[in-house]
Amino acid sequence: MESMRLFSVSGFLVLTLMAPMVPVSGGRGSKSCRFPAIYNFGDSNSDTGGYNAALADIPWPYGETFFKQPSGRASDGRLLIDFIAENLGLPYLSAYLDSIGTNFRHGANFAVGGSCIQPACGYSPFNLEKQISQFIHFKARTTALYNQRWLNQKLPPHKIELPRPGDFSKAVYTLDIGHNDLAYGYLQHRVEDKIRASIPDIILQFSQAVHLLYKEGARVFWIHNMDPMGCLPFSVMLYQPKPHNVDQFGCVKPQNEMAKEFNRQLKDKVSQLRTQLPSAAFTYVDVYSAKYALISDSKNQGFVDPLNFCCGSYGDHGHHVDCGKQVNGTVYGTSCSQPSRRISWDGIHLTEAANLWVTNRILNGSFSDPPVSVDEACHQS
């Protein structure tokens with residue numbers, strides 16, 4: 001869930017070095033798919049620079065923990081997509097919309113903060129259909145350029161910073177999107193029945209996007225479901241929950257119920273996609289349950305109150321101040337002293353420490369259907 005204010009959270013990324021493996025179980029054993037590339041589609045949960053490149057700059061202290069500078073990510077450090085890349089032994093993904101310092105040899109990131117599945121969402125012009133269209137253009141252009149450079153310049157394939165044409169069908173396609181579709185409904189003050197009634201059409205548009213990717217050669221899909229949006233500190237502040245509509249951890253129950261309904265329909269659609277596209281392998285990842293497990297056991301896991309956030313403020317000056325922003329010349333949106341002890345970075349997005357915790361639960365298949373690790377996701381159930 002995001003607002004336009006909170007989407008000034010993308011930046012500049014030039015890292016293309018191989019990253020160390022994140023410590024999750026799995027590994028590159030005999031069943032490893034050895035994916036040569038990742039193609040990601042989504043919103044600010046997995047945006048590595050698209051919003052910054054196309055729409056707005058992001059301020060310090062985003063990126064302070066790992067990159068030591070604004071990095072194009074809505075966090076103090078790495079996101080789930082970064083840890084997925086590390087686990088697969090691949091470089092961090094360059095944003096498709098960023099023309100500076102990019103390397104698309106091992107994939108590209110089409111995610112943009114604020115994006116929705118449906119086109120008329122109100123946050124970002126780069127909805128899922130547009131992201132797929134960009135991928136189709138990217139695939140056609142890079143294939144032509146790759147062949148041209150190899151033939152005309154006689155460069156060896158490993159010297160060309162473009163994806164090998166044959167790698168598109170061997171890559172893993174990750175999708176983490178849909179949060180803003182529901183959030184937009186709440187921010188427009190729509191009644192919950194209307195928000196719920198919109199879910200089937202949103203899921204249908206998601207399915208159509210997957211079919212387009214399949215037509216372009218995609219065969220392995222790693223699909224994240226919806227977060228527990230009612231547990232976002234921003235949600236709790238904005239909707240002022242009452243005792244009858246909050247759970248024991250302070251999360252807004254109606255919003256979490258809406259997210260669970262979205263996830264139920266998404267899981268059913270993924271099951272249908274397995275039947276419709278039998279040559280593809282689909283992994284449905286229950287990120288909701290992993291994140292809720294962290295929120296419900298935050299103290300035992302080394303975190304403080306999950307409804308507090310690290311960067312930004314909401315208090316005496318009367319309204320929410322985004323991370324890194326000022327009010328009347330005074331900086332209110334500063335970061336906390338120990339981001340590693342917070343679950344929420346800015347009231348909406350996770351800290352790197354929380355992202356790592358979730359990563360260590362989902363990449364080994366513990367929260368997946370079928371229960372396969374990410375590096376074995378090419379194997380059909």
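Parameters and conventions
- Residues numbered from 1 in each chain as written.
- Predicted model: local features only at pLDDT ≥ 70, side-chain atom pairs only at ≥ 80, totals over all residues.
- Heavy atoms only, no water.
- Axes fitted to C-alpha atoms, helices over the stretch in contact; angles between N-to-C directions.
- Helix = DSSP H or I, 4+ residues; strand = E, 2+ residues; numbered from the N terminus.
- Parallel < 35°, antiparallel > 145°, perpendicular 65-115°, else oblique.
- Left-handed = near helix turned anticlockwise from the far one by under 90°.
- Contact = heavy atoms within 4.5 Å.
- Nonpolar A, V, L, I, M, F, W, Y, C, P; charged D, E, K, R; others polar.
- Buried < 20%, exposed > 50% of the residue type's maximum accessible area, 1.4 Å probe, protein only.
- Disulfide = S-S within 2.5 Å.
- Pairing = 2+ DSSP bridges.
- Salt bridge = Lys/Arg side-chain N within 4 Å of Asp/Glu carboxyl O.
- Core = buried A, V, L, I, M, F, W, Y, C linked by side-chain atoms within 4.5 Å.
- pLDDT = per-residue confidence, 0-100.
- Polar contact = N/O pair within 3.5 Å; in protein donor to acceptor, adjacent residues only side chain to side chain.
- Phe/Tyr/Trp six-rings, centres within 6.5 Å; stacked < 30°, edge-to-face > 60°.

Engineer: Looking at this model, I keep getting lost on the packing of helix α8 (residues 287-296) against helix α9 (residues 352-362). Mind explaining?
Structural biologist: Relative orientation of the contacting elements α8 and α9 amounts to 125 degrees, with a least axis distance of 10 Å. The orientation of α8 relative to α9 falls into the category oblique. α9 is crossed by α8, and the crossing has right-handed handedness. Packed against α8, whose contacting residues are Val 287, Ala 290, Lys 291, Ala 293 and Leu 294, the element α9 presents Ala 354, Trp 357, Val 358 and Ile 362 at the interface. Residues that form the contact of α8 with α9 fall into these classes: eight nonpolar, no polar and one charged.

Engineer: Help me understand helix α4 (residues 179-187), please; the structure alone is not making it clear to me.
Structural biologist: Summarising burial for α4: eight of the nine residues are buried, a large majority. Within α4 the residues assigned to the buried category are His 179, Asn 180, Asp 181, Leu 182, Ala 183, Tyr 184, Gly 185 and Tyr 186. Along its buried surface, α4 packs onto β3 (172-176), α5 (192-215), α6 (233-239) and α7 (253-276). Once α4 finishes, His 189 follows within two positions and takes phi at roughly 60 degrees, a positive value.

Engineer: When you look at unusual backbone geometry in this model, what are you seeing that I'm missing?
Structural biologist: Most of the time, phi is negative for any residue but glycine, and the peptide bond is trans. Residue Pro 61 is reached from Trp 60 by a cis peptide bond, and omega for that bond is 20 degrees. As for its placement among the helices and strands, Pro 61 is situated in the loop between α1 (50-54) and α2 (80-87). At the junction of Asp 369 and Pro 370, the peptide bond is cis and its omega measures out at -5 degrees in the coordinates. Within the secondary structure, Pro 370 is located in the segment after β10 (368-369). A positive phi angle, near 65 degrees, is found at Lys 68, a position not held by glycine. On the secondary structure map, Lys 68 appears in the loop between α1 and α2.

Engineer: Mind showing me how you'd approach the state of the cysteines here?
Structural biologist: Note: disulfide means a covalent bond formed between the sulfur atoms of two cysteine side chains. A full pass over the atoms with the stated rule returns five disulfides. At a sulfur-sulfur separation of 2.0 Å, the disulfide partner of Cys 33 is Cys 378. The S-S bond linking Cys 33 to Cys 378 shows a torsion near -95 degrees; that makes this disulfide left-handed. In this pair, Cys 33 is assigned in the segment before β1 (38-42) and Cys 378 in the segment after β10, connecting sequence segments 345 residues apart. Between the sulfur atoms of Cys 116 and its disulfide partner Cys 121 the distance amounts to 1.6 Å. Between Cys 116 and Cys 121 the disulfide shows an S-S torsion of about -40 degrees. By sign, it is left-handed. Here Cys 116 and Cys 121 have matching classes, each one buried.

Engineer: Where do I start with the sheet that holds β10 in this structure?
Structural biologist: Strand pairing in a sheet is mediated by backbone hydrogen bonds. Such pairs are either parallel or antiparallel. Strand order in this open sheet of six strands is β2-β1-β3-β4-β5-β10, and the pairing throughout is mixed. Strands at the two margins of the open sheet, each flanked by one partner only, are β2 (107-109) and β10. Bridge count for strand β5 (residues 281-285) against β10 is two bridges, and the pairing is antiparallel. Its bridge partner being in β10, Val 285 is matched across the sheet by Ser 368. This element, α5, spans β1, β3, β4 (220-224) and β5 of the sheet and lies at about 155 degrees to β4. On top of the sheet, α7 reaches β4, β5 and β10; it is set at about 170 degrees to β5, its chief contact.

Engineer: Any chance you could explain the pattern of salt bridges here in plain terms?
Structural biologist: Pairing between side chains of opposite charge can happen when the charged atoms of each approach one another. Under the definition given, this model contains eleven salt bridges. Notably, a salt bridge pairs Glu 86 with Arg 78, separated by 2.9 Å at the nearest N-O pair. For the pair Glu 86 and Arg 78, a shared accessibility class is recorded, and that class is buried. One salt bridge connects Lys 139 with Glu 216, and the closest N-O pair in it is separated by 3.5 Å. A residue pair is termed long-range when its members are at least 10 positions apart, and Lys 139 in helix α3 (residues 128-153) and Glu 216 in the loop between α5 and β4 qualify at 77 residues. One connected set of salt bridges, linked through shared partners, spans Arg 78, Glu 86 and Glu 352.

Engineer: I tried to follow the nonpolar core on my own but got confused; where do I start?
Structural biologist: A general feature of soluble globular proteins is that nonpolar side chains tend to end up buried together. Tyr 39, Phe 41, Tyr 173 and Phe 221 are the most contacted members of the largest nonpolar core, which has 48 residues in total. Counting residues per element, the ones that place at least two in this core are β1, α3, β3, α4, α5, β4, α7 and β5. Ignoring any residue separated from it by four or fewer positions in sequence, one finds Tyr 173 in contact with Tyr 39, Phe 41, Phe 135, Phe 168, Leu 213, Ala 218, Val 220, Phe 221 and Trp 222. Membership of the second largest hydrophobic core comes to 28 residues, among which are Ile 81, Leu 88, Val 220 and Leu 363.

Engineer: Help me understand the confidence of the model for the chain in this model?
Structural biologist: Here the chain shows a mean pLDDT of 88. Residues at 70 or above account for 87%. Contacts from residues 1-28, a stretch scored under 50 in pLDDT, to residues over four places away or in other chains number 123 contacts.

Engineer: Please explain the side chain of Thr 174 as it appears in this structure.
Structural biologist: If you trace the backbone, Thr 174 turns up in strand β3. Polar contacts involving the side chain of Thr 174 include one to the side chain of Asn 40, which spans 2.7 Å. Beyond its immediate stretch of four places on either side in the chain, Thr 174 contacts Ile 38, Tyr 39, Asn 40, Phe 41, Ile 81 and Trp 222.

Engineer: What should I look at first to understand the packing of aromatic side chains in this one?
Structural biologist: When we look at a pair of aromatic rings, we describe it by the centre distance and by the angle of the planes. In this structure the tally under the stated criterion is 23 aromatic pairs. Here Phe 135 and Tyr 173 contribute two aromatic rings whose centre-to-centre distance is 5.7 Å and whose plane-to-plane angle is 90 degrees, an arrangement assigned as edge-to-face. Of this pair, Phe 135 sits in helix α3 while Tyr 173 sits in strand β3, and the two are 38 residues apart along the sequence. Here Tyr 173 falls in the buried class, since its relative accessible area comes to 0%. Here the aromatic rings of Phe 138 and Phe 168 are separated by 6.4 Å at their centres, their planes lie at 80 degrees, and the arrangement is edge-to-face. Remark: Phe 168 occurs in the loop between α3 and β3 and Phe 138 occurs in helix α3; sequence separation between them is 30 residues. Phe 168 shares its class with Phe 138; the two are buried.

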